[in-house]
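# Notes for the structure review
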Amino acid sequence: MSTEQQYLHSSIKQFRTYKELAQKAIAQIGENDLNKIIDPESNSIAIIIQHLGGNLISRWTDFLTTDGEKTDRNRDAEFEEKCLTKNELMDYWNKGWDTLFETLDELQPEDLGKTIYIRKQPLTVLEAINRQLTHYAYHVGQIVLLAKHFNSSGWQSLSIPKGDSQSYNKTHGL
C-alpha cells in the first residue's frame, strides 16, 4: 500500500472515530438536553450538529470540482435553534457524514496533490482533508464536553475512566 493510500485509509478511520465518539456522547443525553446552552455565547449540541451537517454537505459535495462553500449553504441559519427532534438532527448529521465518506471512498491516491477551493482559498486535497478533520474534531470535543456536563453522574466514559489507567493497562497487557 502506498503512503498516499495509507493516508486516505487513516483519514477515513479518523473521521469514523470522531463521528462515533460524538454519537456515543449524544446517545447519553435526553431530547431535552439537545438545545441546552451553558451560557448565552455558547452553542447547544443541536446547533453544533446542524453546523457540522451543513459543513459536511457543503465541503464534500462535488469536492474535486466545486468550491467547498456552496452558494446554497446558509451557514448563519445553522446557528439558529430549529427545535428539531433528536431523530431529525441525527438524520441531517448522517446525511453529512455519508457525503464525506462517499467522497473519501472515491478519492484516489493521485488526488491528494490536486488543488480544490474552500471559500476561494486554494488547498491541496491533503490540506483540505486535514483542515476538515481538525474542524470536526474541535466540534466533536464540544459535543462530548456538553453531553458529559448534562449527564453528569450518569456519564459513561468514552475512553479510559478517571482513575482506571492502571486497571486498563493491566487488562490490556501494557
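Here goes a summary of the coordinates provided. (Residues numbered from 1 in each chain as written. Predicted model: local features only at pLDDT ≥ 70, side-chain atom pairs only at ≥ 80, totals over all residues. Heavy atoms only, no water.)

### Points about helix H4 (residues 125-151)
Definition in use: We count a stretch as a helix when DSSP gives it H or I for four or more residues in a row; a strand needs E for two or more, and each element gets its number in order from the N terminus. In this analysis, the expected span of each helix is defined as 1.5 Å times one less than the number of residues it contains.
For H4, which comprises 27 residues, the first-to-last C-alpha distance of 38 Å matches the rise-based estimate of 39 Å (1.5 Å per residue) to within 8%. Of the residues trailing H4, Ser152 is marked for its positive phi of about 45°.

### Focus: the nonpolar core
Quick note on the threshold: By nonpolar core is meant a set of buried Ala, Val, Leu, Ile, Met, Phe, Trp, Tyr and Cys residues that side-chain atoms within 4.5 Å join together. Accessibility here uses a 1.4 Å probe with only protein chains present; expressed as a share of the type maximum, an area under 20% marks a residue as buried, one over 50% as exposed, and anything in between as partly exposed. Contacts between residues were defined by any pair of non-hydrogen atoms, one from each residue, lying within 4.5 Å.
Phe15, Ile45, Trp60, Leu100, Ile129 and Ile143 are the most contacted members of the largest nonpolar core, which has 41 residues in total. Sequence-distant contacts of Ile45, that is, excluding residues within four places in its chain, are made with Ile26, Ile29, Leu34, Lys36, Ile143, Leu146, Ala147 and Phe150.

### Comments concerning the packing of helix H2 (residues 45-60) against H4
Going by this rule: Inter-axis angles, ranging from 0 to 180 degrees, are taken between N-to-C directions of lines fitted to C-alpha atoms, where helices are fitted over the stretch in contact. Roughly parallel refers to an angle under 35 degrees, roughly antiparallel to one over 145, roughly perpendicular to one between 65 and 115, and oblique to any angle outside these ranges. For any pair of crossing helices, the crossing counts as left-handed if the nearer helix is rotated counterclockwise from the farther one by less than a right angle, and right-handed if it is rotated clockwise.
Closest axis-to-axis distance for the H2/H4 pair is 10 Å, and the angle between their directions is 165°. Taken together, H2 and H4 sit at an angle that is classed as roughly antiparallel. Judged by the sense of rotation from one axis to the other, the crossing of H2 with H4 is left-handed. Between H2 and H4, the residues in contact are Ile45, Ile48, Ile49, His51, Leu52, Asn55, Leu56, Arg59 and Trp60 and Ile129, Arg131, Gln132, His135, Tyr136, His139, Gln142, Ile143, Leu146, Ala147 and Phe150, respectively.

### Description of the packing of aromatic side chains
The condition that has to hold: Side-chain rings of Phe, Tyr and Trp, where Trp is taken by its six-membered ring, are said to pair if the distance between their centres is within 6.5 Å; with planes under 30 degrees apart they count as stacked, over 60 as edge-to-face, and otherwise as tilted. Throughout this description, the term charge over a ring refers to an Arg CZ or Lys NZ atom that lies within 6 Å of the ring centre and within 35 degrees of the ring normal.
Counted under the stated rule, the structure contains seven aromatic pairs. Between Trp60 and Phe63 the ring centres are 4.6 Å apart and the planes differ by 25°, which places this aromatic pair in the stacked class. This pair shows no difference in class: Trp60 is buried, exactly as Phe63 is. Measuring from ring centre to ring centre gives 5.9 Å for Trp97 and Phe101, while their planes differ by 25°; the resulting arrangement is stacked. Separated by four residues within a single helix, Trp97 and Phe101 lie in helix H3 (residues 86-106), roughly one turn from each other. As far as the burial class goes, Trp97 and Phe101 line up, both buried. Cluster of aromatic residues (ring-pair linked, three or more members): Phe15, Trp60, Phe63, Trp93, Trp97, Phe101 and Tyr136. It is Arg16 that lies over the ring of Phe101; its NZ or CZ is 3.9 Å from the centre.

### Considering the pairing of strand E2 (residues 121-124)
In the case of a regular strand, side chains alternate between the two sheet surfaces. The line we're drawing: Being paired, for any two strands, means DSSP has found at least two bridges between them.
Pairing between strand E1 (residues 115-118) and E2: four bridges, direction antiparallel. From the neighbouring strand, Tyr117 faces E2, where its bridge partner is Pro122. Here E1 hands over to E2 after two residues, with Arg119 in that stretch at a positive phi of 55°.

On their own, these measurements won't tell you what the molecule is for.
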